[in-house]
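Chain by chain, the residues run as shown.
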Amino acid sequence: DYCKNTEQWRNEIIDAWNLNNNKFVKLPHTHQDYATSREIAKNLIIRILYGGGLKSWLKDWKVKKGTCPENVCMLLKEVEQIQNWVCLNNPKLLALCTEHNLSKGKDYNHAGTTTSWFLQEKECIILEEMYKYLVSNEKIQNDICALCNDGIMIEEKYYTPNLLEDLQVAVLESTGFN
């Protein structure tokens, strides 16, 4: 699991493609194209999660040799399966996203766009349920809160150690999302 093993995954990517010797890593730190090997490795994971592919990452970062780590190969397959499921079960959304992409001259990654829009809608549903819970339990008063980093910030005085668990239960009960 990437979230629990972020450093391990990054190191596997760095080692698999010898990113410590990458052209962009070797640039002066002040150069606009400079990147650390960690940033380049992280960029691969982010691209995969947004529906991008390994080939474009290799090309953009001028990576010539190496073998894809097993975890990354599995993630690529898993993301592709998720995207296929989302598209298969949401054909109208796929058509809308494809039309949107084509109107911008982008004739690729329609499944990635569709999955992104699908998940953004689910994220909004979750945030709305969290907001309703926080208001009804007086954790938000006088509408003093902020949407920040895909979450809701509340005043510190209303925070309790079990609040995140309570929110998880509330979201699960109201949406079925865990």
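Just above sits the structure.
Residues numbered from 1 in each chain as written. Predicted model: local features only at pLDDT ≥ 70, side-chain atom pairs only at ≥ 80, totals over all residues. Heavy atoms only, no water.

Q: Explain the state of the cysteines here, please?
A: Put plainly, a disulfide is one covalent bond tying together the sulfur atoms of two cysteines. The full count for this structure, using the stated rule, is zero disulfides. Between Cys3, a cysteine without a disulfide, and Cys68, which holds the nearest cysteine sulfur, the sulfur-to-sulfur distance is 18 Å. Left without a disulfide partner, Cys87 is nearest to the cysteine sulfur of Cys97, which lies 7.9 Å away. On the accessibility criterion, Cys87 (10% relative accessible area) is buried. (Disulfide = S-S within 2.5 Å. Buried < 20%, exposed > 50% of the residue type's maximum accessible area, 1.4 Å probe, protein only.)

Q: It is not clear to me how the packing of helix 4 (residues 70–89) against helix 6 (residues 110–136) should be interpreted in this structure. Could you clarify?
A: Helix-helix packing is characterised by the crossing angle of the two axes and by the distance between the axes. Running from N to C, helix 4 and helix 6 point in directions that differ by 75 degrees, and their axes come no closer than 9 Å. Considered as vectors, helix 4 and helix 6 are oriented roughly perpendicular to each other. Packed against helix 4, whose contacting residues are Ile82, Gln83, Trp85, Val86 and Cys87, the element helix 6 presents Ala111, Gly112, Thr114, Thr115 and Phe118 at the interface. Grouping the amino acids of the contact of helix 4 with helix 6 by side-chain chemistry returns six nonpolar, four polar and no charged. (Axes fitted to C-alpha atoms, helices over the stretch in contact; angles between N-to-C directions. Helix = DSSP H or I, 4+ residues; strand = E, 2+ residues; numbered from the N terminus. Parallel < 35°, antiparallel > 145°, perpendicular 65-115°, else oblique. Contact = heavy atoms within 4.5 Å. Nonpolar A, V, L, I, M, F, W, Y, C, P; charged D, E, K, R; others polar.)

Q: Just checking my understanding: could you explain the pattern of salt bridges for this structure?
A: Going through the model one piece at a time under the given rule, you end up with four salt bridges. For Glu7, the salt bridge identified is with Arg10, shortest N-O distance 3.3 Å. A residue pair is termed a helical-turn pair when its members lie 3 or 4 positions apart in one helix, as Glu7 and Arg10 do in helix 1 (residues 6–16) at three residues. Look at Glu7 and you get partly exposed, because its relative accessible area is 39%. Judged by its relative accessible area of 11%, Arg10 is buried. (Salt bridge = Lys/Arg side-chain N within 4 Å of Asp/Glu carboxyl O.)

Q: I keep staring at helix 6 and nothing clicks. Help me out?
A: Think of an α-helix as 3.6 residues a turn; residues three or four steps apart then line up on the same face. With 27 residues, helix 6 extends 39 Å from end C-alpha to end C-alpha; this agrees with the ideal 39 Å at 1.5 Å per step. What helix 6 keeps buried is the set His110, Gly112, Thr113, Thr114, Thr115, Phe118, Leu127, Glu129, Met130 and Leu134. Two residues or fewer after helix 6 comes Glu138, characterised by a positive phi angle close to 55 degrees. (Expected span 1.5 Å × (residues − 1).)

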